[in-house]
Amino acid sequence: MGTSWVNSAERIGSDLHLELTGPGGRRAALIRALREAVRSGRLAPGTRLPPYRSLAADLGVARNTVADAYAELVAEGWLTARQGSGTRVAERAEPLRPAARVPRKAPPRTRGPLHDLAQGTPDVSAFPRTAWLASYRRALQQAPNEVFGPGDPAGRAELREALTEYLARARGVRTEPGRIVICSGFAHALRLLFGGVLRGPLAVEAYGLGFHRQVLATAGVRTVPLPLDEHGARVDRLARERAVLLTPAHQFPTGGPLHPTRRAAVIDWARARDGLVLEDDYDGEFRYDRKPVGAVQGLDPERVIHIGSVSKSLSPAVRLGWMVLPERYVDAVLAVKGEREAWASVLDQLSLADFIASGSYDRHVRRMRQRYRGRRDRLVAALAEHAPHIQATGIAAGLHAVLRLPPGTEASAVKAAAWQGIALDGLAAFRHPETDMPVGDGLVVGYATPSEHAYGPALEALCGALPPP
């Protein structure tokens, strides 16, 4: 038999779990359990034990049983009893010493880079803490009681309604709340879609995020690379595939939007082949030199799955994303997701819904767009002054630039950057292993990650790592 007791009225102060097991009666079992608790150190010297009647009531035994057990342990020297002080663990009672063990070495502390110019992360120091906290408080105060029960796998209606309005206004997405499914991010969306809804092979851009290819490979999906040129993915090279994954607003990582004729062409392909376009709108809000390029989904909502998240616009720590689905896929995706929301915090969903509806999200995006544009301009100016032979491309939008390098210099430039304490990637790291595109050397430089005070030194170190003319 096992039990635990709590007796705040007697000011005991902590819980005690006792296992009343083994041979003999309840008195013998209680003596063994208390003795073991002292020996093991769970009851430290000087700890006050509960009065007879409290422990007896909690254990469901007679008070005399507890009194006799205490008396036996006092006689053995495990406990002490004084008038007005109660029964306590004896000060000389020594806990059982564990066998000597080889001390476990702490894992070595890895030192982060001096200058973080890796792509994919916003300036986390700019997270809008005050505005987010205000939205969180409002969401928590206004939340109905059912919010604290099992979550709807489609996501909170408040967030889906807010996204319907925002995506239509800011990204040209045509949808309704019933066709939006909330997820924890783009990778989660891929796992849901290829966890029983879609099948491969899947056409992808010849340069893209390797992690996404790994997610797809784990799901048993073969990816077929599409070559890229100055107009984006060569969608005319689509063959037997029934689905294609694109970054049409800003090709990742090479930059540039998908040309309008190719946007129309991929929709024509999807209609003719009964195919599907997966649109990764990873940084669609951050365009600097002209109006943002709208979503391909607006051309045909029944042929495009639009996927977005707040990992670039707000923070990757806020694990929230969304899929805007053709109507025929909604039930299938929800079936894969399950009967309850297991990934995205309901309170975070409500907070984001308020953050969008209150206008805080728009204000934050505008502020960060201005900041990142300034970062981009400083990068371009630094190159013009210190490395005019290096061209920065893909800079009309997004949070990174590609620095084009002379042929054969990428590996040495990445190594030189590492020696300077700079975290960044070479262009080759994003290349599909099966593409037949010509190799182009370059560095993928994220200009959003460093804080304002760290950005200047990072640019100085970067220019020092670039190959000479």
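This text goes with the structure placed above it.
Residues numbered from 1 in each chain as written. Predicted model: local features only at pLDDT ≥ 70, side-chain atom pairs only at ≥ 80, totals over all residues. Heavy atoms only, no water.

Caption draft 1: Expanded view of the overall build of the chain. Secondary structure summary: the chain contains 13 helices and 19 strands in total. In terms of overall dimensions, the chain is more spread out than a globule: its C-alpha atoms have a radius of gyration of 31 Å, far above the 23 Å expected for 469 residues. Expressed along its principal axes, the backbone C-alpha trace of the chain runs to roughly 90 × 55 × 40 Å. Counting across all 469 residues of the chain, residues that qualify as buried make up 52%. (Helix = DSSP H or I, 4+ residues; strand = E, 2+ residues; numbered from the N terminus. Rg over C-alpha atoms; globule rule 2.2 N^0.38 Å. Buried < 20%, exposed > 50% of the residue type's maximum accessible area, 1.4 Å probe, protein only.)

Caption draft 2: Representation of the layout of surface pockets within the structure. Estimates place the volume of the largest pocket at around 570 Å³. In terms of lining residues, the largest pocket is bounded by 32 residues, among which Phe-186, Leu-209, His-212, Asp-280 and Lys-312 are the most central. Of all elements in the fold, only helix H6 (186-193), strand E7 (202-205), helix H7 (210-218), strand E11 (243-246) and strand E13 (304-309) reach the threshold of two or more residues within the lining of the largest pocket. A total of 4 residues in the lining of the largest pocket trace back to one element, the largest contributor, which is H7. Here the residues of the lining of the largest pocket are counted per class, giving 15 nonpolar, 11 polar and 6 charged. Of the volumes computed, that of the second largest pocket is approximately 320 Å³. Forming the walls of the second largest pocket are 17 residues, and the residues nearest its centre are Leu-228, Asp-229, Thr-254, Arg-404 and Met-437. The residue makeup of the lining of the second largest pocket, split by class, is 7 nonpolar, 7 polar and 3 charged. (1 Å grid on protein atoms, 1.4 Å probe; cavity = no way out; pocket = protein on both sides within 12 Å on 5 of 7 lines; lining within 4 Å. Points joined across faces, edges and corners; volume = space filled by probe spheres on them. Nonpolar A, V, L, I, M, F, W, Y, C, P; charged D, E, K, R; others polar.)

Caption draft 3: Expanded view of empty space enclosed by the protein. Applying the stated rule across the entire model yields 5 cavities of 30 Å³ or more. Size it by volume and the largest cavity reaches roughly 50 Å³. Where the lining of the largest cavity is concerned, the elements lending two or more residues are helix H5 (157-171) and E13. Broken down by element, the lining of the largest cavity gets its largest block of residues, 3 residues, from E13. Per-class residue counts for the lining of the largest cavity are 3 nonpolar, 3 polar and 3 charged.

Caption draft 4: Layout of the side chain of Gln-251. Take Gln-251: it is sitting in the loop between E11 and helix H8 (260-273). Polar contacts involving the side chain of Gln-251 include one to the side chain of Thr-254, which spans 2.5 Å. Once residues within four sequence positions are removed from consideration, Gln-251 is found in contact with Glu-205, Tyr-207, Leu-228, Gly-256 and Tyr-282. (Polar contact = N/O pair within 3.5 Å; in protein donor to acceptor, adjacent residues only side chain to side chain. Contact = heavy atoms within 4.5 Å.)

Caption draft 5: Representation of the environment of Val-333 in the model. With respect to the helices and strands, the residue Val-333 is situated in helix H9 (residues 330-337). A relative accessible area of 0% means that Val-333 is categorised as buried. In contact with Val-333, other than residues within four places in its own chain, are Val-181, Leu-193, Val-197, Met-323 and Leu-325.

Caption draft 6: Region of the structure containing unusual backbone geometry. Between Gly-200 and Pro-201 the backbone carries a cis peptide bond, its omega angle lying at 0°. Along the chain, Pro-201 falls in the loop between H6 and E7. Across the junction of Phe-252 and Pro-253, the peptide omega takes the value 5°, indicating a cis bond. One non-glycine residue, Asp-274, adopts positive backbone phi at about 55°. Along the chain, the position of Asp-274 falls in the loop between H8 and strand E12 (276-280). Asp-274 gets classed as partly exposed once you look at its relative accessible area, which sits at 43%.

Caption draft 7: Looking closely at H6. Buried residues dominate H6, accounting for 7 of its 8 residues. Buried within H6 are the following residues: Phe-186, Ala-187, His-188, Ala-189, Leu-190, Leu-192 and Leu-193.

Caption draft 8: Broad picture of the pairing of E11. Both faces of E11 are covered, namely the face carrying Ala-243 and Leu-245 and the face carrying Val-244 and Leu-246. Of the pairings in the sheet, the one linking E7 to E11 comprises 2 bridges and is parallel in character. Of the residues in E11, the one forming a bridge with Val-204 is Leu-245. Pairing of E11 with E12 involves 4 bridges; the strand directions are parallel. From the neighbouring strand, Leu-245 faces E12, where its bridge partner is Leu-278. Once the chain exits E11 it traverses H8 before rejoining the sheet at E12, and the crossover so formed is right-handed. (Pairing = 2+ DSSP bridges. Right-handed = clockwise from strand over helix to strand, strands pointing away.)

Caption draft 9: Just the sheet that holds E13, in detail. Spatial strand order, E6-E14-E13-E12-E11-E7-E8: 7 strands in an open sheet with mixed pairing. Whereas interior strands pair on both sides, the edge strands pair on one side only; in this sheet they are strand E6 (180-183) and strand E8 (223-226). With strand direction ignored, the average angle separating the axes of adjacent strands in the sheet is 20°. Bridge count between E13 and strand E14 (residues 321-324): 4 bridges; the pairing is antiparallel. Across the sheet, the residue bridging to Gly-308 is Trp-322, located in E14. Taken strand by strand, H6 contacts E6, E11, E12, E13 and E14, and its axis lies near 145° from that of E13. (Axes fitted to C-alpha atoms, helices over the stretch in contact; angles between N-to-C directions.)

Caption draft 10: Here's a closer look at the environment of Thr-435. Relative to the assigned elements, Thr-435 resides in the loop between strand E18 (425-426) and strand E19 (442-446). By relative accessible area, which is 11% here, Thr-435 ends up buried. For the pair formed by Thr-435 and Val-224, sequence separation is 211 residues and the distance between their alpha carbons is 8.1 Å. Not counting residues up to four positions away in its chain, the partners in contact with Thr-435 are Ala-206 and Pro-225. Looking at Thr-435, its side chain comes within polar contact range of the main-chain nitrogen of Met-437, at 3.2 Å.

Caption draft 11: Seen up close, the pattern of salt bridges. Counted according to the given criterion, the structure contains 22 salt bridges. A salt bridge links Asp-123 to Arg-375; its shortest N-O distance comes to 3.0 Å. A residue pair is termed long-range when its members are at least 10 positions apart, and Asp-123 in the loop between strand E5 (115-116) and helix H4 (129-142) and Arg-375 in helix H11 (residues 360-386) qualify at 252 residues. Since its relative accessible area comes to 3%, Asp-123 is described here as buried. (Salt bridge = Lys/Arg side-chain N within 4 Å of Asp/Glu carboxyl O.)

What is shown is where atoms sit, not what they do.
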